[in-house]
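Understanding the architecture of this molecule
Here's the letter readout for the chains.
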Amino acid sequence: MTSSVTVRVPAKVNLQLSVGPLRDDGFHDLVNVFHAVSLFDEVTASEADTLTVRVVGDSAAQVPVDGDNLAIRAARALAARAGRPYGANLVIRKHIPVAGGMAGGSADAAAALVACDRLWGLGLSRDDLREIAADLGSDVPFALLGGTAVGTGRGETLSPLPVSGRFHWVFALADGGLSTPQVYGECDRLREAAGQRPGWPALSPALAQALRDGDAKALGGALVNDLQPAAIMLRRSLARTLEVGREHGALGALVSGSGPTCAFLAESEVHARELAISLAGAGVCRTVVGAYGPVPGAVLV
Ligand code: C5P
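Per chain, residue numbering runs from 1 following the sequence as it is written. Owing to the predicted nature of the model, reporting of local features is limited to residues with pLDDT of at least 70; listing and counting of side-chain atom pairs is limited to 80 or more, with chain, interface and lining totals taken over all residues. Excluded from the side-chain calculations are hydrogens and water; all other atoms, namely the structure's heavy atoms, are used.

A separate point is the packing of aromatic side chains. A pair of aromatic rings is counted whenever rings of Phe, Tyr or Trp (Trp by its six-membered ring) have centres within 6.5 Å, and the orientation is called stacked for planes under 30 degrees apart, edge-to-face for over 60 and tilted otherwise. Under the counting rule described, the total for this entry stands at 3 aromatic pairs. Taking 4.7 Å as the distance between ring centres and 10° as the angle between the ring planes, the aromatic pair formed by tyrosine 86 and tryptophan 120 counts as stacked. Of this pair, tyrosine 86 sits in the loop between helix H1 (70–82) and strand S4 (87–93) while tryptophan 120 sits in the loop between helix H2 (104–119) and helix H3 (126–136), placing them 34 residues apart in sequence. The rule is simple: take the accessible area with a 1.4 Å probe, protein chains only, and divide by the maximum for that residue type; under 20% is buried, over 50% is exposed, in between is partly exposed. Note on tyrosine 86: relative accessible area 17%, which makes it buried. Labels follow the DSSP assignment, with helices taken as runs of H or I lasting at least four residues and strands as runs of E lasting at least two, numbered in each case from the N terminus.

Right, here's the structure in full:
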């Protein structure tokens, strides 16, 4: 057994989030193109008799440290799979915005799985970890995998997508989060009010081609998020944030996942820096961070 293990895990942005019909289990069938970006949380697991969690970093106070904490639930699920009452002290160093639509909680759960698997010397396969991950949440399997991948089902069934080169992003972080179930609910409500019946979603060929070609301009034009109108309805100020990014030459601008983080695709690293300064100066968000993608999923450091 090792006495302490640290795992680094990325945030995600959704390049295509196409929301299909509501299923009987309360989830929606999706076509969800995940893209892992260089904004990381770190989870350290240390030997202990019981399971505890502590969160450090800017938004630490907003993360639950009780049974609702997804990293604790991940460790508990792993111990249950191993059939032993293992313990660990988990410390989460938070950089991914909390409830921001960048799958920060899912990332911490994936990191806790990898860290505890090593700490407890279980040596589970990636397939076994992926199965436990899928039970924890729709976005957790992708945080294990990283890169760029299309998720189907409720988002948990993944196929990697080929990508050339690297894309440069700017993220506008908002004050406070949005509740994912509430945003999906608002999406259903808006569709019903408009008399829309969602069809079965499919991967956008233009998006897949742009990724294969490493063509940022084409990718910018192909970005799509069906949850965006719902997120804007619940947080009207996001419309202006997106507009400011577009005014400053973003190749694409969209709400990340269920929001309220807004993602902007830049032409280059230099353009990303300029865009970040413009967004920060316009006062349309709490803070601005730059990142690139794709990056690998949860890895031991
Ligand atoms: O899987 P996860 O716990 O992240 O999902 C959170 C909530 O988001 C679900 O309870 C559901 O309301 C909504 N959701 C959905 N369809 C999906 C994924 C999530 O409606 N495919």
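Another point: the domain arrangement of the protein. Interface extent is often summarised as the accessible area lost during association of the parts. Throughout, the edges of the domains are those of an automatic or database domain assignment. Split by domain assignment, the protein resolves into domain 1 (4–161) and domain 2 (167–293). Taking the mean C-alpha position of each, domain 1 and domain 2 sit 22 Å from one another. On the side of domain 2, 37 residues touch domain 1, which itself brings 30 residues to the contact. Buried surface at the junction of domain 1 and domain 2, summed over both partners, amounts to about 2600 Å²; 65% is from carbon and sulfur atoms. When residues of domain 1 are sorted by the area they lose upon contact with domain 2, Leu15, Leu17 and Val19 head the list and together hold 21% of the total. Each salt bridge in this description consists of a side-chain nitrogen of Lys or Arg and a carboxyl oxygen of Asp or Glu lying within 4 Å of one another. Taken together, the connections running from domain 1 to domain 2 amount to 0 salt bridges. Those elements giving two or more residues to the side of domain 1 that touches domain 2 turn out to be strand S1 (4–22), strand S2 (28–48) and strand S5 (148–152). The leading source of residues in the side of domain 1 that touches domain 2 is S1, at 11 residues. Whether two residues touch is decided by their heavy atoms; if any such pair falls within 4.5 Å, the residues are in contact. Two parts placed together each lose some accessible area under a 1.4 Å probe, and adding up what both lose gives the buried area.

Attention shifts here to the site of the ligand. Neighbouring residues of the ligand: Gly26, Phe27, His28, Leu30, Gly137, Ser138, Arg154, Thr180, Pro181 and Tyr184. The side chain of histidine 28 places a nitrogen or oxygen atom 2.6 Å from an oxygen atom of the ligand. Any pair of nitrogen or oxygen atoms within 3.5 Å is treated as a polar contact; in protein, a donor-acceptor pairing is required on top of that, and neighbouring residues in sequence qualify only through side-chain atoms on both sides. Between the ligand and arginine 154, the relevant distance is 3.0 Å, taken from a nitrogen atom to a main-chain nitrogen or oxygen of the residue. Here the open area of atoms and residues is found with the Shrake-Rupley method and a 1.4 Å probe, where only the protein chains shown may cover a residue. In isolation the ligand has 450 Å² of accessible area, and contact with the protein removes 75% of it. At the level of secondary structure, the elements contributing two or more residues to the shell around the ligand comprise S2 and helix H5 (180–193). For the shell around the ligand, the element with the highest residue contribution is H5, accounting for 3 residues. Mapped onto the domain boundaries, the shell around the ligand takes at least three residues apiece from domain 1 (4–161) and domain 2 (167–293). Neighbouring residues are identified by heavy atoms, a residue being near a molecule or strand if any of them is within 4 Å of it.

One finds Leu15, Leu90, Trp120, Trp169, Phe171 and Leu219 to be the most contacted residues of the largest nonpolar core, which totals 66 residues. Top element by residues in this core is H2. It accounts for 10 residues. Lining this core are residues from two domains, each supplying at least three of them: domain 1 (4–161) and domain 2 (167–293). If you look at the next biggest cluster of nonpolar residues, it comprises 27 residues, including Ala172, Leu227, Leu275 and Leu279. Here, nonpolar core means buried Ala, Val, Leu, Ile, Met, Phe, Trp, Tyr and Cys residues that are tied together by side-chain atoms lying within 4.5 Å of each other.

Looking now at the packing of helix H9 (residues 237–247) against helix H10 (residues 269–282). Across the interface, H9 lies against H10 with an axial gap of 10 Å and an inter-helix angle of 140°. When the interaxial angle is binned, H9 and H10 end up oblique. Where H9 crosses over H10, the handedness of that crossing is right-handed. Contacts between H9 and H10 involve Thr241, Val244 and Gly245 from the former and Leu275, Leu279 and Ala282 from the latter. Put simply, Ala, Val, Leu, Ile, Met, Phe, Trp, Tyr, Cys and Pro go in the nonpolar bin, Asp, Glu, Lys and Arg in the charged bin, and everything else, Gly too, in the polar bin. Residues that form the contact of H9 with H10 fall into these classes: 4 nonpolar, 2 polar and no charged. All axes are obtained by fitting lines to C-alpha atoms, using only the stretch in contact for helices, and the reported angles, taken between N-to-C directions, cover 0 to 180 degrees. Roughly parallel here means an angle under 35 degrees, roughly antiparallel means over 145, roughly perpendicular means 65 to 115, and every remaining angle is called oblique. In this scheme the crossing of two helices becomes right-handed for a clockwise turn of the near helix relative to the far one and left-handed for an anticlockwise turn of less than a right angle.

Okay, the sheet that holds strand S11 (residues 287–293) next. Strand order in the open sheet made by the 4 strands is S9-S10-S7-S11, with antiparallel pairing throughout. Of all strands in the sheet, those bounded by a partner on one side alone are strand S9 (252–255) and S11. When strand polarity is set aside, the average angle formed by the axes of neighbouring strands in this sheet is 25°. For two strands to count as paired, DSSP must find a minimum of two bridges between them. One ladder, built from 7 bridges, connects strand S7 (residues 167–173) with S11; its direction is antiparallel. Residue pairing across strands places tryptophan 169 opposite alanine 291, the latter belonging to S11. Running at roughly 10° to S7, H10 makes contact with S7, strand S10 (262–266) and S11 of the sheet.

This part covers the pairing of S5. For S5, the tally of buried residues reaches 4 of 5 residues, placing the bulk of the element in the interior. Judged from the 4 bridges that link them, S2 and S5 form a sheet pairing that is antiparallel. Counterpart to asparagine 32 in the pairing with S5 is glycine 151. Sheet topology places S5 next to strand S6 (residues 157–160); 4 bridges connect them, and they run antiparallel. In the sheet register, valine 150 faces S6, and the bridge partner there is serine 159. In textbook terms, the turn of a hairpin is the stretch between consecutive antiparallel strands, and for S5 and S6 this stretch comprises 4 residues, one of which, glycine 153, has a positive phi near 70°.

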